[in-house]
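Report on the structure
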Amino acid sequence: MSDPLIEQARLDWMTALARIGSESKRHTRPAVEGVLTRMVGLTLEAVGCQAPIGARCDVVNTTGERIETEVVGFAGDRLYLMPTSEVRGLTPNARVIPSRQSSDVLAGPELLGRVIDGRGRPLDGRGPLRARHAVPMTGKEINPLNRKPIDEALDVGVRAINALCPIGRGQRMGLFAGSGVGKSVLLGMMTRYTEADIVVVGLIGERGREVREFVQEILGPQGLQKAVVVAAPADASPLMRIHGAMLATSIAEYFRDAGRKVLLLMDSLTRFAQAQREISLAIGEPPATKGYPPSVFARLPQLVERAGNGAGEGSITAFYTVLVEGDDHADPIADAARAILDGHIVLSRELAETGLYPAIDVETSISRLAPQITKADEFARIQEFKRIYSRFRQNRDLINVGAYQRGSDPEIDRAIAMQSPMNAFIGQDMTTAVGIDASRAQLAELLQVSETVATPPEEPARAGELVIGDGA
């Protein structure tokens, strides 16, 4: 017969061992350090350690400072690392220490009014962030059948967009323009005037001075109160630029999942693609289309598809600027963006040079959801405006050289008479907002006036016939 004291001691010992065993399972094995073997450009190669794609590794330089890097690829036992900041003081065989930090980022209402970088660190000098929630930087996949349909028009405060290229709440639009055509100004107008609970701005790969201008002049103190600005300017590493775009989207997703109506503005999608190209080429991925590797075109929809409506009441209406290199709208990134977005607004350099702002080319701009978010008569007016506007553009050369004689075609006569009023309708002062109801009413009034424009022929001519003048 066993001693009760010995039996109790045995049970206590077994319980303690079980507790220690369960706790030990929660602890990961110690990280195995590696060494730096090669550095070419911004790509570092390390051996002797293992880490998954996207994991962080610290590289120790000669002064003992840790330089943060991220695993972007591997080949055999070699890891390819990309630094998130400037690299200094590295030597061969420098220590490479895998980090156990997760890739989650902070989010929450505490971020409102703050300006942060691509890693979520404050840039505004207002102290550390106190956000209590963490969200994955890569986002969460949404079943497309669970997404709420887009059936509500969104007022962006810009007359030409409200009336001629209507946007739905939860829609993803591209803003296509060359350099210096006014896309940043138009983006600022939509930032101030769009009806949204939260505004998330991602300034990715743009000039550093534009960050301060956007925060102080475009947003202002009042607009900043409901906004979060993520800035990763052109001098940031390509990895930081990618993180900036993903972080801005993650913050927007957090507020959408909380039932808020979010406006996401990203300037620009092209710089995101160029950053991915830099990384892909650095680790040896072959280029496929005009210097862009295939991974670039895979990353674009992964970023864009995270915006839009969710399963609940929240929504993310997103505007992505696309820089058209050399005004070539067949640029690979512009072409890929058109295919994955829900519409595009094109800014014309030709119109901008005439002093028309915003220089929206209504001929080539389109909203794919316009039929769903407008009434039948409103959509008919949009088509009629574009038809008249396009008729003038098609015959502009003949009209300018005097080869067209007035009265030859009533439709062309109407287009000529309406050209100035139409340009005035498209143009808008950047300090003035025009609501969606007012925009549609003004469009109806403009087209009603155009029907009464009298264009008596100067000479008898058959309808549809072009008469060449004596000076032609």
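See the structure shown above.
This write-up is about the structure you can find in this document. (Residues numbered from 1 in each chain as written. Predicted model: local features only at pLDDT ≥ 70, side-chain atom pairs only at ≥ 80, totals over all residues. Heavy atoms only, no water.)

**Notes on the nonpolar core**
Heads up, the rule is: Residues belong to a common nonpolar core when they are buried Ala, Val, Leu, Ile, Met, Phe, Trp, Tyr or Cys residues joined through side-chain atoms within 4.5 Å. The buried label goes to any residue with under 20% of its type's maximum accessible area, the exposed label to any with over 50%, and the partly exposed label to all in between, with areas taken from a 1.4 Å probe on protein chains only. Secondary structure follows DSSP: runs of H or I at least 4 residues long count as helices, runs of E at least 2 residues long count as strands, and numbering of each begins at the N terminus. By definition in these notes, contact holds between two residues if any of their heavy atoms fall within 4.5 Å.
Membership of the largest hydrophobic core comes to 55 residues, with the highest contact counts inside it found for I161, M190, F319, I360 and F385. At six residues, the largest contribution of residues to this core is made by helix α4 (residues 208-224). In this view, I161 contacts V156, P166, I167, L186, M190, I345 and I360; residues no more than four positions away in its chain are not counted. Ranked by size, the runner-up nonpolar core spans 54 residues in total, among them A131, V228, L269 and Y320.

**Looking at the side chain of R169**
We apply this condition: We call two N or O atoms a polar contact when they sit within 3.5 Å, provided that within protein one can donate a hydrogen and the other can accept it, with sequence-adjacent residues counted only if both atoms are side-chain atoms.
Within the secondary structure, R169 sits in the loop between β11 (167-168) and β12 (172-177). A polar contact is formed between the side chain of R169 and the backbone oxygen of E195, at a distance of 3.2 Å. Discounting residues that sit within four places of it in the chain, R169 has contacts with I150, E152, L154, E195, K261, N309, S315 and T317.

**Regarding the pairing of strand β17 (residues 315-323)**
Side chains on a regular strand alternate between the two faces of the sheet. This is how it is decided: One bridge is not enough; two strands pair if DSSP finds at least two bridges between them.
β17 sits mainly inside the fold: nine of its nine residues count as buried. Residues S315, T317, F319, T321 and L323 of β17 are buried on one face, and the alternating residues I316, A318, Y320 and V322, pointing to the opposite face, are buried as well. Examined bridge by bridge, β12 and β17 share six bridges and lie parallel to one another. Residue R172 lies in a different strand from β17, and its bridge partner there is A318. In terms of strand pairing, strand β15 (residues 261-267) meets β17 through six bridges, oriented parallel. Across the sheet, the residue bridging to L264 is A318, located in β17. Sheet topology note: the strand β16 (residues 308-309)/β17 ladder contains two bridges and is antiparallel.

**Regarding the pattern of salt bridges**
Heads up, the rule is: Whenever Lys or Arg places a side-chain nitrogen within 4 Å of a carboxyl oxygen from Asp or Glu, that contact is recorded as a salt bridge.
Enumeration according to the criterion identifies 26 salt bridges in this entry. The residue D409 makes a salt bridge to R391 at a minimum N-O spacing of 2.8 Å. Of the two residues, D409 sits in the loop between α12 (396-400) and α13 (410-426) while R391 sits in helix α11 (residues 376-394), which places them 18 residues apart along the sequence. For R391, a relative accessible area of 27% gives the class partly exposed. One salt-bridge network, in which partners are shared between bridges, spans R38, E45 and R78.

**Section: the sheet that holds strand β3 (residues 56-60)**
Just so we agree on the cut-off: Axis definition: a line fitted to C-alpha atoms, limited for helices to the stretch in contact. Angles are taken between N-to-C directions and run from 0 to 180 degrees.
The sheet built from six strands closes into a barrel, its strands ordered β1-β2-β5-β4-β3-β6 with antiparallel pairing. Each neighbouring strand pair of the sheet contributes to a mean axis angle of 45 degrees, computed without reference to strand direction. Note that β3 and strand β4 (residues 66-75) share five bridges and pair antiparallel. Directly across from C57, in β4, lies its bridge partner T69.

**Focus: helix α3 (residues 183-193)**
Burial within α3 is extensive, with eight of its 11 residues counted as buried. Every buried residue of α3 is listed here: K183, L186, L187, G188, M189, M190, T191 and Y193. Lining the buried residues of α3 we find α2 (159-164), β12, β13 (198-204), α4, β15 and β17.

**Observations concerning the packing of aromatic side chains**
Definition in use: Only Phe, Tyr and Trp rings take part, Trp by its six-membered ring, and two of them pair if their centres are within 6.5 Å. Stacked means planes under 30 degrees apart, edge-to-face means over 60, and tilted covers everything else.
In this structure the tally under the stated criterion is four aromatic pairs. Aromatic pair Y292 and F297: ring centres 6.2 Å apart, planes at 65 degrees, arrangement edge-to-face. On the basis of relative accessibility, which here comes to 5%, the residue Y292 falls in the buried class. Look at F297 and you get partly exposed, because its relative accessible area is 24%.

**Some words on the pairing of β3**
Counting buried positions along β3 yields five of five residues, so the element is predominantly enclosed. Note: β3 against strand β6 (residues 95-98), three bridges, orientation antiparallel. Pairing of C57 across the sheet is with P98, part of β6.

**Examining α11**
Applicable threshold: A helix's residues, less one, multiplied by 1.5 Å, set its expected span.
The terminal C-alpha atoms of α11 lie 27 Å apart, and with 19 residues this matches the ideal 27 Å at 1.5 Å per residue to within 8%. Looking at α11, one finds that the buried residues are E378, I382, E384, F385, I388, Y389, S390, F392 and R393.

**Some words on unusual backbone geometry**
Glycine aside, residues mostly have negative phi, and peptide bonds are mostly found in the trans state. Omega for the peptide link from D267 to S268 comes to 10 degrees, which places this bond in the cis form. Structurally, S268 can be placed in the loop between β15 and α6 (269-282). The omega angle of the peptide bond from Y357 to P358 is -5 degrees, so this bond is cis rather than trans. Mapping P358 onto the fold places it in the loop between α9 (349-353) and β19 (366-367). Phi is positive for N93, close to 65 degrees, though the residue is something other than glycine. Tracing the sequence through the fold places N93 in the loop between β5 (78-83) and β6.

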